[in-house]
Amino acid sequence: MTFLNSFKLFFSTKSRFYFNISFLKILKKIIFYILSHKKNYKKILSEEFKKFFPNSNVAFFNHGRGGFYVLLKYFNHRSKKKVLINSLTLFEMINMIIYSGYEPVFIDNKKDNFESNTIDLINKYSDDISFVVVTHLNGLNREIFEIKKRIEEINKNLNKNDKIYLIEDVAVSFGAKFNNNYCGSLGDFSILSFNIMKNITSLTGGALIDNTNSIDFNILNKNNIKISIIDILKKIFFVFLIQFLNSRIIFPFFFIFIRIAQKNNYHFFLKKYRSDFQTYVSSKIPLDFLKEFSNFQSFLLIDQLNNIEVKNKKRIYNSKYYYENLKKNDQLIFPQTDFNENNIFIDFPVICKTKEYKNYILSKSFDCYVDIKNYYYTDCAGENIYSKFNLNKCINSKIISENIIMLPVNINGSKNDLNKVIKLFE
């Protein structure tokens, strides 16, 4: 390869991340917000969410996992203390279960896909579980209908205080639909996330959807910590830094550090680059998770809801393009055996049959200056800090976690960008 070609290749490197709101737009929003006499945008946002969940109530939080914690604490008087949850999830979701006084019971995946053995575990622990969390990992968890039906059968023979509640984790699938009903509307409750990498963002943030309309939100929010202007400015600065490092001019240079850190396993860098690189649990919940959702964050979200379907269609198109071009690769396994066009992907997942093949693709991506995500959620059941809760071996989740590659579905990317990723597998 000539120097000129190497130079062109280097500067053609694009970040895999797509930011739903640019830093310039955030600055414009700040100015407009200051001039808008501070309307009650949280109330307006709640009304906008009625378009997605018309028969439900919604509460907003500084983090989606904070909403999960507060929900569990609301029912903390119950004697049944186990929560079924997929082993492949954000480790801080497991922490919220622990902080709230419950015990996680890990659900394993079936071999080479995102389906799980949830029904078996519901039957096994039906006398001890208060909640079952259905995680829509990447795309829709189609087992939810069977899980919901089984929970309803069990609840018929239980009093109100002992019933099992179904929670949907919709952090990476907001906007996906089941038979024209939005993902998150089938469970008793659902958790949404609005962090900077999601398909709608308020910098940080999340929501709890109450499909039962049974929760007193005044009680739910009474312990929220008031968010300060300094807190919001910190969020804005963090977003600016992330977007700066991932900009077209800066990212090729930043990618050099990523390559070096990955190849040499430099933990000090990877811990900054990957939020889940090192799992940990504190003695109590960090206060940041208990801060309120600000009026300004509500303002940021409102207009994003109006064009989410247009952007999600582009995500679906890019994901399907990967699927159609890679499905004949006998070294890859797709977590779902057919492509469901209702799925919403933040990144498109493929599972390598061997670690050797995954490492080969990863090495090739560095050489070709293509930014792909070589990890997914941690297999929490395999983490030492949760060993006392590991009642079930999650062998398949461990294999998926080690062998998965997440392909970027950046909606600003061109077909040429998609083809560069696909060429890695040729």
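Structural notes, computed from the coordinates. (Residues numbered from 1 in each chain as written. Predicted model: local features only at pLDDT ≥ 70, side-chain atom pairs only at ≥ 80, totals over all residues. Heavy atoms only, no water.)

**Focus on the overall build of the chain**
Our working definition: Helix and strand definitions here come from DSSP, where helices need a minimum of 4 consecutive H or I residues and strands a minimum of 2 consecutive E residues; each element is numbered from the N-terminal end. As a reference, a globule follows 2.2 Å times the number of residues to the power 0.38, and the radius of gyration itself is taken over C-alpha atoms. For every residue, the accessible area (1.4 Å probe, protein chains only) is compared with the maximum for its type, and the residue is labelled buried under 20%, exposed over 50%, or partly exposed between those bounds. Contacts are residue-level and defined by heavy atoms, with any inter-residue pair within 4.5 Å sufficient. In this description, accessible areas are obtained by the Shrake-Rupley approach with a 1.4 Å probe, and a residue is regarded as covered only by the protein chains that are shown.
Scanning the chain from N- to C-terminus turns up 16 helices and 12 strands. The C-alpha radius of gyration computed for the chain amounts to 21 Å, which stays within 12% of the reference 22 Å derived for 426 residues, consistent with globular compactness. For the chain, the C-alpha atoms occupy an extent of roughly 75 × 55 × 40 Å along the three principal directions. A buried classification covers 58% of the 426 residues belonging to the chain. Counted over contacts in the chain with a minimum sequence separation of 6, partners at least 24 positions apart contribute 75%. Total accessible area computed for the chain in this model is approximately 19700 Å², and 55% of it derives from carbon and sulfur atoms.

**Points about unusual backbone geometry**
Non-glycine residue Asn 179 carries a positive phi angle of around 45°. Tracing the backbone shows Asn 179 in the loop between strand E6 (177–178) and strand E7 (181–182). With a phi angle near 80°, Leu 203 is a residue other than glycine that sits in the positive phi range. Note on placement: Leu 203 falls in the loop between strand E8 (189–193) and strand E9 (206–210).

**Focus: the sheet that holds strand E1 (residues 57–61)**
Just so we agree on the cut-off: Any two strands are treated as partners once DSSP identifies two or more bridges connecting them. Comment: axis = line fitted to C-alpha atoms, over the contacting stretch for helices; angle = value between 0 and 180 degrees taken between N-to-C directions.
One open sheet holds the 7 strands; their spatial order is E1-E9-E8-E5-E4-E2-E3, and the pairing between them is mixed. Every other strand in the sheet has two partners, leaving E1 and strand E3 (103–107) as the edge strands with one partner each. When strand polarity is set aside, the average angle formed by the axes of neighbouring strands in this sheet is 20°. Bridge count for strand E5 (residues 165–169) against E8 is 3 bridges, and the pairing is parallel. Residue pairing in the sheet places Asp 169 in a bridge with Ile 191 of E8. Docked against the sheet, helix H5 (residues 91–99) engages strand E2 (82–86), E3 and E5, running at close to 145° with respect to E3.

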